[in-house]
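Listed below are the residues making up each chain.
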Amino acid sequence: MSQDGLIPFNRPCLTGKELEYIADAIRRGHASGDGFYTQQCHRFFENQFEIKKALLTTSCTHALEMAAILCNIRPGDEVIVPSYTFTSTVNAFVLRGARPVFCDIRPDTLNLDETRVETLITANTKAIVPVHYGGVSCEMDSLLEIAKNHKLFVIEDNAQGIFGKYKNKNLGSLGNLGTLSFHETKNINCGEGGALLINDSSLAERAEIIREKGTNRSQFFRGQIDKYGWVDLGSSFLPSDILAAYLWSQLEMWPSIVAKRKTIWDTYYQELTTWAESLGIGLPHVPSHVEQSHHLFYLIFPDLENRTRFIQHLKQKGIHAVFHYQALHCSPMGLNLGGAKGQCPISEQMSDRLVRLPFFNSLTQEEQWRVIETTLEFQLLNLKKPMSHARLAA
Ligand SMILES: *Cc1c(COP(=O)(O)O)cnc(C)c1O
């Protein structure tokens, strides 16, 4: 517990080796991109996730922007995205001139509803961007099948799902491209950072070029060409090796981070299930063929009023809980891009009803018990009859 007794929603967590590795990265005399620690991280992801190529980026946002360039997204193209997601999932494609086509989410996993995707496909559709919400996989078999039949790219926004799996396959390795985030709030972090995971080997060479300001510098340094020059579109998407050193100190410890987060998630689920079911409050759903990443733990209240009261109730006890996305099709930008209220009803409901409990690697048992006990004290107001989460969402 922090000294003032407050339990934050998130606390950035260190493993202990960060400063040592950062100092080493500086001493090695190669603090720009693609130094020793960057190579370590690349090899780790390529082996661990069984992908053709991994490239560290300055953020998951930038990895998504690289993906949009790699898929040749152009003005007039359409990209199918969930409405219940972070802005970067969509911005990356809008920046290339694409029109986002917002798809609603499933009421159980809150992931892109694969049964609605096909109806949204037109002659202009170029890509589908599944987001594994909370690190619980989307229904990838269906999505990959649809993409294959319509010749679409699949770009997994796997910002939340590192080490998660779908039918024993690593999230981020199923689509043509996948992304990761190492933002301070994510399971593995280096402050700000990300990665592009390349499963489709035909995209690998161009990915290096886009990441290196449109030059074939990487090939030059490998001795594959005599001089390097400007060959394609690009920007500066590679992080300093100092950040990669920070990241490596966390990646090295991944099994203990995964275990710690699983314990926290399982404890919330065990201790809150009876209470939640008796009140008709929704809890996360993890299909049996999915291994989740234990990124977050949420509760779904019957309405906005009760959610607001719940957040207030925790706040009075020094506990900080937060809601999540405002459905993007109803945001000012989403409305400008053709979104309309009522278009994705489940996403709209979740904007009002979902709340996330404190969840970070260093959450202590005492802190978690305080969150659980305070949650169990909460009573719903004005609820005429208890309703099941599924019925409310239907
Ligand atoms: C965190 C997050 C991002 C953005 O990650 P950054 O590394 O901060 O750019 C994108 N998509 C989703 C679903 C996220 O949760």
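Residues numbered from 1 in each chain as written. Predicted model: local features only at pLDDT ≥ 70, side-chain atom pairs only at ≥ 80, totals over all residues. Heavy atoms only, no water.

### What to know about the overall build of the protein
Within the protein one finds 15 helices and 13 strands. The globule rule puts the C-alpha radius of gyration for 394 residues at 21 Å, and the 21 Å found for the protein is close to it. In terms of principal-axis extent, the alpha carbons of the protein reach across some 75 × 55 × 35 Å. Every one of the 394 residues in the protein was classed for burial, and the buried ones make up 56%. In the protein, the share of contacts with a sequence separation of at least 24, taken over all contacts with a separation of at least 6, comes to 70%. A total of about 16,900 Å² of accessible surface is found on the protein, and carbon and sulfur atoms cover 54% of it. One finds the centroid of the 39 positive side-chain charges in the protein at a distance of 2 Å from the centroid of its 42 negative side-chain charges. (Helix = DSSP H or I, 4+ residues; strand = E, 2+ residues; numbered from the N terminus. Rg over C-alpha atoms; globule rule 2.2 N^0.38 Å. Buried < 20%, exposed > 50% of the residue type's maximum accessible area, 1.4 Å probe, protein only. Contact = heavy atoms within 4.5 Å. Areas by Shrake-Rupley, 256 points an atom, 1.4 Å probe, with all protein chains shown as cover. Lys, Arg positive; Asp, Glu negative; His and termini not counted. Charge placed at Lys NZ, Arg CZ, Asp CG, Glu CD.)

### A closer look at the layout of surface pockets
In this model, the largest pocket occupies a volume close to 570 Å³. Those elements that provide at least two residues to the lining of the largest pocket are helix 3 (60-70) and helix 4 (87-94). Approximately 350 Å³ is the volume attributed to the second largest pocket. Looking at the second largest pocket, it is lined by 20 residues, and the ones nearest its centre are Asp34, Gln39, Arg211, Glu212 and Ser218. If you list the elements that add at least two residues to the lining of the second largest pocket, you get helix 2 (36-48), strand 1 (53-57), helix 7 (204-211) and helix 8 (217-221). With four residues, the single largest contributor to the lining of the second largest pocket is helix 2. Grouping the amino acids of the lining of the second largest pocket by side-chain chemistry returns four nonpolar, six polar and 10 charged. (1 Å grid on protein atoms, 1.4 Å probe; cavity = no way out; pocket = protein on both sides within 12 Å on 5 of 7 lines; lining within 4 Å. Points joined across faces, edges and corners; volume = space filled by probe spheres on them. Nonpolar A, V, L, I, M, F, W, Y, C, P; charged D, E, K, R; others polar.)

### A closer look at the site of the ligand
Among the 14 residues in the neighbourhood of the ligand, the closest are listed as Thr61, Asp157, Gln160, Ser181 and Lys186. In this structure, Thr61 approaches the ligand through a side-chain N or O atom, which is 2.5 Å from an oxygen atom. Lys186 is positioned with one of its side-chain polar atoms (N or O) 3.3 Å from an oxygen atom of the ligand. Coverage of the ligand by the protein amounts to 92% of the 390 Å² it exposes when considered alone. Among the cavities detected, the one that contains the ligand is the largest pocket. Considered class by class, the residues forming the shell around the ligand number five nonpolar, seven polar and two charged. (Near = heavy atom within 4 Å. Polar contact = N/O pair within 3.5 Å; in protein donor to acceptor, adjacent residues only side chain to side chain. Sits in = over half its atoms within 2 Å of the grid points.)

### With respect to empty space enclosed by the protein
Here the structure, examined in full by the defined rule, presents four cavities of 30 Å³ or more. By volume, the largest cavity is sized at about 50 Å³. Lining the largest cavity are Asn10, Arg11, Pro12, Cys13, Glu184, Lys186, Asn187, Asn189, Arg261, Phe360 and Asn361. For the lining of the largest cavity, the two domains that each supply at least three residues are domain 1 (18-251) and domain 2 (254-393). The space that makes up the second largest cavity amounts to roughly 50 Å³. Counted by class, the lining of the second largest cavity contains six nonpolar, four polar and no charged residues. Mapped onto the domain boundaries, the lining of the second largest cavity takes at least three residues apiece from domain 1 (18-251) and domain 2 (254-393). (Domains from an automatic or database assignment.)

### Focus: unusual backbone geometry
Among all residues save glycine, negative phi is the norm, and among peptide bonds the norm is trans. A positive phi angle is found at Leu110, which is not glycine, with a value near 65°. Here Leu110 lies in the loop between strand 3 (99-103) and helix 5 (114-117). The residue Lys213 is not glycine, and still its phi comes out positive at about 60°. Along the polypeptide, Lys213 turns up in the loop between helix 7 and helix 8.

### So, the pairing of strand 4 (residues 125-128)
Examined bridge by bridge, strand 2 (residues 78-82) and strand 4 share three bridges and lie parallel to one another. Of the residues in strand 4, the one forming a bridge with Ile80 is Ile128. Where strand 4 lies against strand 5 (residues 153-157), two bridges are found, and the strand directions are parallel. Paired with Ala127 across the strands is Phe153, a residue of strand 5. (Pairing = 2+ DSSP bridges.)

### Some remarks on the domain arrangement of the protein
Think of interface size as the accessible area that goes away when the parts come together; that is how it is often given. You can read the domains of the protein as domain 1 (18-251) and domain 2 (254-393). Contact with domain 1, which involves 41 residues of that partner, is made by 37 residues of domain 2. Buried area between domain 1 and domain 2, summed over both chains or domains, comes out near 3,300 Å², and the portion from carbon and sulfur atoms is 60%. On the domain 1 side of the interface with domain 2, the three residues burying the most area are Tyr84, Phe102 and Asn187, jointly 20% of the side's total. Along the contact surface separating domain 1 from domain 2 lie zero salt bridges. Taken together, the links from domain 1 to domain 2 amount to 17 residue pairs in polar contact (both at pLDDT 80 or more). Of all the secondary-structure elements, those providing two or more residues to the side of domain 1 that touches domain 2 are helix 2, helix 4, strand 3, strand 6 (165-166) and helix 9 (241-251). The element that contributes the greatest number of residues to the side of domain 1 that touches domain 2 is strand 3, accounting for four residues. Of the residues in the side of domain 1 that touches domain 2, the class split is 18 nonpolar, 15 polar and eight charged. (Buried area = accessible area lost by both parts, 1.4 Å probe. Salt bridge = Lys/Arg side-chain N within 4 Å of Asp/Glu carboxyl O.)

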